[in-house]
Structure formats: C-alpha cells, structure tokens
Amino acid sequence: MTDDSPVTLITGGGSGIGAAAARQLLARGGRVAVTGRGAERLRSFAEDAGDPPELLTLPGDASDHEAVDEAVQATLKAFGRLDAVVANAGFATHDDLGTGDPAGWRDMVLTNVLGPALLIRSSLEALRETRGRIVIVGSVAGFVFGAGNIYGITKWAMTGLAENTRRMVTDDGIGVTLVAPGRTDSLFWDGRGGAPEGMEMMTSDQVAASIVWALGQPAGVDVNTVVMRPIGQPV
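Residue positions within a chain follow its written sequence, with the count starting from 1. Where local features are concerned, this predicted model is filtered to residues with pLDDT of at least 70; where side-chain atom pairs are given and counted, the filter is 80 or more; whole-chain, interface and lining totals use all residues. Only hydrogens and water are set aside when side-chain values are computed; all heavy atoms of the structure are taken into account.

Student: Now, about the nonpolar core: what can you tell me, with residues and values included?
Tutor: For the purposes of this section, nonpolar cores are sets of buried Ala, Val, Leu, Ile, Met, Phe, Trp, Tyr and Cys residues that join through side-chain atoms within 4.5 Å. Relative accessibility decides the category of a residue: with a 1.4 Å probe and only protein chains considered, values under 20% of the type maximum give buried, values over 50% give exposed, and everything between is partly exposed. Residues Ile 10, Val 32, Val 34 and Ile 211 are the most contacted members of the largest nonpolar core, which totals 29 residues. The way it works is that DSSP assigns letters per residue, a run of H or I at least four long becomes a helix, a run of E at least two long becomes a strand, and they are numbered from the N terminus. For this core, the secondary-structure elements that each account for two or more residues are α1 (16-27), β2 (31-36), α2 (39-48), β4 (84-87), β5 (133-137), α6 (204-215) and β9 (225-228). Tallying contributions element by element places α1 first for this core, with 7 residues. Grouped together as the second largest cluster of nonpolar side chains are 26 residues, Leu 9, Val 72, Leu 124 and Ile 174 included.

Have a look at this one:
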C-alpha cells in the first residue's frame, strides 16, 4: 500500500456484492472503507479478509445523513483521500403495492433511495479533489416494469439518480456509473426464504467484477450504464 493507492468507500459492504467488491479492490492494491448496519457482520468480514490495514470497517446506517457524513470523514482521516464511492446498501421487502405491508416500505425507500443520495452529497467535495468516480448499484428492476413492485420503484429512482448525478458532476471530472444486475445469488433472497431452485443466477463476485471494472476505467472515460443478467433470465 502507498499513500496514493486509490481509496473506495462502499456502503453495505459487509456481505454480498459490496463485500465481494471490497475484496477485489483490496486484491488490486486499493484501500477500502465499508459501512454496514451490522457491526458483527463487518467484524466477521474484516476477520475473513485478514484484518488488513488497507481495510476500514464503519458501522452505520446508510440512510442516516450524520452517519454517512461521519463515514466519509473517517475514510478521509484514515486514508487521506477518497477516489470512489459505491452506493450499494439496499434491500427488498418482497411485497407489492396491492397486498404488501407498508410498515416495511419506509426503511426500504430510505435505504435504497435516500441512502445513495446522501452518499453522493457527503462525498462530493472529496471526489472533486481527486476527479473520482461514483458507482450506484441499481437493478434490472429499474429498467423493466413489474406489477405492483415497490422495490422496483426504488430501483427506477436509482436509474434517474445516476443520470441526474452525471449531468451535475461531469464538468468536475467525476465519472458516474450505474451497475444494474439481474438475479444474483446474494442476501437479497433471504426475505423470500432463499432463491427458487434451478433459477439462473450470477454470483456476487461476478457483479462486483463489473463494479471494479467501472472504477478502473481510464482517466477521461465515463461508462454510464451497465445492465447485466445471467444468461437465461428473459426479463
């Protein structure tokens, strides 16, 4: 590790796609800060990674402005710079507008929609200094319509957030990429009792590889949208 090795902050980085991206960035010589609501899960992730000095774990709520701002400041204090942020934290309630339980919708909307906006707001000044990059993890559900799918509504919001952000920051030299995966073998399925047997799936590592690829684009190149599905997923 050197003082100029790139620094990435990932929300929801203790498991799934976020953890996979963190591992891949560390393997490439980067420095990584990850946030998550579960301190125990973050601790387990750090231990599995070997507790390297290049990894900073920061318990906190991605939908809380103060917590997000503190995570950005802690990353800057620990590593001295910030080159990229990955807005990955999110979850699904797996219900619909017609029959679902609204009690769970608030946290989902705040995490999936407000969270990425807060991360962008808190990191913008530091990213302007490094002419860095923003990756927003959306979903195929943000490009197709599903009857009553409220999770999909939050991911349509990410499709809009990515382009609105790009238009705001492109003159600052900041790149913005929306990575929108289809079916992925991750904690997304926990709320549904696991993924259906025999369903085509990508791995978290495969999605993370696209995130890392977007972050590694040459200076001056801005890849804006990556929509990816497992072969065999028709919609």
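Student: How would you summarise the sheet that holds β9 if you had to cite specific residues and measurements?
Tutor: As summarised here, the arrangement of the 7 strands in space is β3-β2-β1-β4-β5-β6-β9, forming an open sheet in which the pairing is parallel. Edge strands, defined here as strands with exactly one partner in the open sheet, are β3 (55-59) and β9. Taken over all neighbouring pairs, the strand axes of this sheet differ in orientation by 15° on average, direction set aside. Note on pairing: two strands pair once DSSP finds at least 2 bridges between them. Where strand β1 (residues 7-10) lies against β4, 3 bridges are found, and the strand directions are parallel. When the bridges of β4 are listed, Leu 9 appears paired with Val 85. Working convention: axes come from line fits to C-alpha atoms, limited for helices to the stretch in contact. Angles between N-to-C directions cover 0 to 180 degrees.

Student: An account of the pattern of salt bridges is requested, with residue identities and associated values reported.
Tutor: Each salt bridge in this description consists of a side-chain nitrogen of Lys or Arg and a carboxyl oxygen of Asp or Glu lying within 4 Å of one another. What the rule picks out here adds up to 8 salt bridges. Salt-bridge contacts for Glu 47 lead to Arg 43; the nearest nitrogen and oxygen are separated by 3.5 Å. Of the two residues, Glu 47 and Arg 43 are both situated in helix α2; the distance of 4 residues between them amounts to about one turn of the helix. Residue classification places Arg 43 among the partly exposed positions, given a relative accessible area of 37%.

Everything listed here is a matter of geometry and, on its own, says nothing about what the molecule does.
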